[in-house]
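Letter by letter, the chains look like this.
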Amino acid sequence: MNEKLLNETALAMVAPGRGILAADESTGTIEKRFKSINIENTEAHRQAYRDMLFTTQGFEQYTSGVILFEETLFQKALDGTPFPQLLAAKGVIPGIKVDKGAKDLAGAPGETVTEGLDGLRERLVKYREAGARFAKWRGVITIGNGIPSDYCIHTNAHALARYAALCQEAGIVPIVEPEVLMDADNTIEVCEDVTNRTLEAVFVELGKQKVLLEGMVLKPNMVISGKKCPVQADRQTVAAATLRTLKRHVPGAVPGIAFLSGGQSDEDATAHLDLMNKMGPLPWKLTFSYGRALQAAALKAWGGKNADAGRVAHLHRAHMNGLAALGKWDAALEKAA
Ligand code: 13P
């Protein structure tokens, strides 16, 4: 294992004031996003949309890396440059989502386990050749009546560690993403408890499977009220609970933590990250790896045809989150824009 290379890449992914754009929607997920703007889900539209995002002038100032879907890793930009080369030329590290999605977990109604380990070693070699320097695997933990079970948490943690070890063997930095969903009606206290259980299991498995902590990035959910909970914890409470939970489980050897946005509003996702960074000093870098919270405004402004408007919206969110990664964001900057 090339420990130095893995550590350098992980550090670059969480460099000060920069974060990761998650643009790795599967063909099924991007269909949902395109439906919201009445765009047909064709390969040409997916190419044009991602071309708009990646040719946003200046976004590289705030963006250390982009997570791509497999199709995009092997696709060309509109000017004919392969997407990974286009990104690398701007100093943006190309990454790749390698999991095959969350599938029903046998004997555990309402719970899932993420698949994609079979053949992963061979796929990683191909991805590296195509320019990928980091990867992502998302385990999904659902809160509900009597769930998550320890069975589900442990099965997903085990798979995350197997994936991470294979990535490091291939010289690819694993983004380890155990996502506790925020879609239910649970309180923030329940989210904190489940996130504690999840992160505890994940770091036990990473240790058992000899994953180099210095050569990975953690991508967790924030500790937050479920979307359908009648009582919504305020921003200060979310930031404090999230930091408390992370400090209990994430060793200081991990270079950085890059949050998912999980369905938070654009501004909440930015404000929470900013608040946490203002509460430092912290043992690791704290930044973003947002999908929806970086793309929603850009998608709407683009609308299938207006690339320039899409780029303006993308650059604004990237800029705001870049400031939040430094604890230098201010709500007034949103109004000014
Ligand atoms: P969201 O920020 O939209 O949650 O997406 C991030 C991601 O990569 C989920 O796997």
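For the structure given in this document, a descriptive report is provided here.

Rules behind the numbers
Going along each chain's sequence as written, the residues are numbered from 1 onward. Restriction of local features to residues with pLDDT of at least 70 applies here, the model being predicted, together with a cutoff of 80 or more for giving and counting side-chain atom pairs; totals for whole chains, interfaces and linings are based on all residues. Here the side-chain values reflect all heavy atoms present in the structure, with hydrogen atoms and water set aside. Note on conventions: DSSP H or I runs of at least 4 residues are helices, E runs of at least 2 residues are strands, and numbering of each starts at the N terminus. Restricting the calculation to C-alpha atoms gives the radius of gyration, and the globule rule supplies 2.2 Å times the number of residues raised to the power 0.38. Between buried and exposed lies partly exposed: a residue is buried under 20% and exposed over 50% of the maximum accessible area for its type, with that area taken using a 1.4 Å probe on protein chains only. Throughout, a contact is declared for two residues whenever any of their heavy atoms are within 4.5 Å. Shrake-Rupley sampling with a 1.4 Å probe provides the accessible areas, and residues are treated as covered by the protein chains on show and by no other component. Only four residue types enter the charge count, namely Lys and Arg as positive and Asp and Glu as negative; His and the chain termini do not. Think of each charge as sitting on NZ of Lys, CZ of Arg, CG of Asp or CD of Glu. To define axes, lines are fitted to C-alpha atoms, for helices over the stretch in contact only, and angles between the resulting N-to-C directions are given on a 0 to 180 degree scale. Roughly parallel refers to an angle under 35 degrees, roughly antiparallel to one over 145, roughly perpendicular to one between 65 and 115, and oblique to any angle outside these ranges. Crossing chirality is assigned from the near helix's rotation relative to the far helix, an anticlockwise turn below a right angle marking it left-handed and a clockwise turn marking it right-handed. Here the term charged refers only to Asp, Glu, Lys and Arg, the term nonpolar to Ala, Val, Leu, Ile, Met, Phe, Trp, Tyr, Cys and Pro, and the term polar to all other amino acids, Gly among them.

**Digging into the overall build of the chain**
Argument step 1. Along the backbone of the chain there are 13 helices and 10 strands.
Argument step 2. A compact globule built from 337 residues should have a C-alpha radius of gyration of about 20 Å, and the chain, at 19 Å, falls within 12% of that.
Argument step 3. Judged by the C-alpha coordinates and their principal axes, the chain covers about 50 × 45 × 40 Å.
Argument step 4. When each of the 337 residues of the chain is scored for burial, the buried share is 57%.
Argument step 5. The contacts in the chain between residues at least 6 apart in sequence include a share of 79% that link residues at least 24 apart.
Argument step 6. Of the accessible surface of the chain, which amounts to about 13700 Å², a share of 53% is contributed by carbon and sulfur atoms.
Argument step 7. Charged side chains in the chain number 39 positive and 39 negative. The centres of these two groups are separated by 2 Å.

**A look at the packing of helix 3 (residues 43-54) against helix 11 (residues 292-302)**
Argument step 1. Where helix 3 meets helix 11, the closest approach of the two axes is 11 Å, and the angle between their N-to-C directions is 120°. By the angle between their directions, the pair helix 3 and helix 11 is classed as oblique. Handedness of the crossing formed by helix 3 with helix 11: right-handed. Contact with helix 3, carried on its side by His-45, Ala-48, Tyr-49, Met-52 and Leu-53, involves Gln-295, Ala-298, Leu-299 and Trp-302 of helix 11 and no other residues of that element.
Argument step 2. A breakdown of the residues in the contact of helix 3 with helix 11 according to their chemical character gives 7 nonpolar, 2 polar and no charged.

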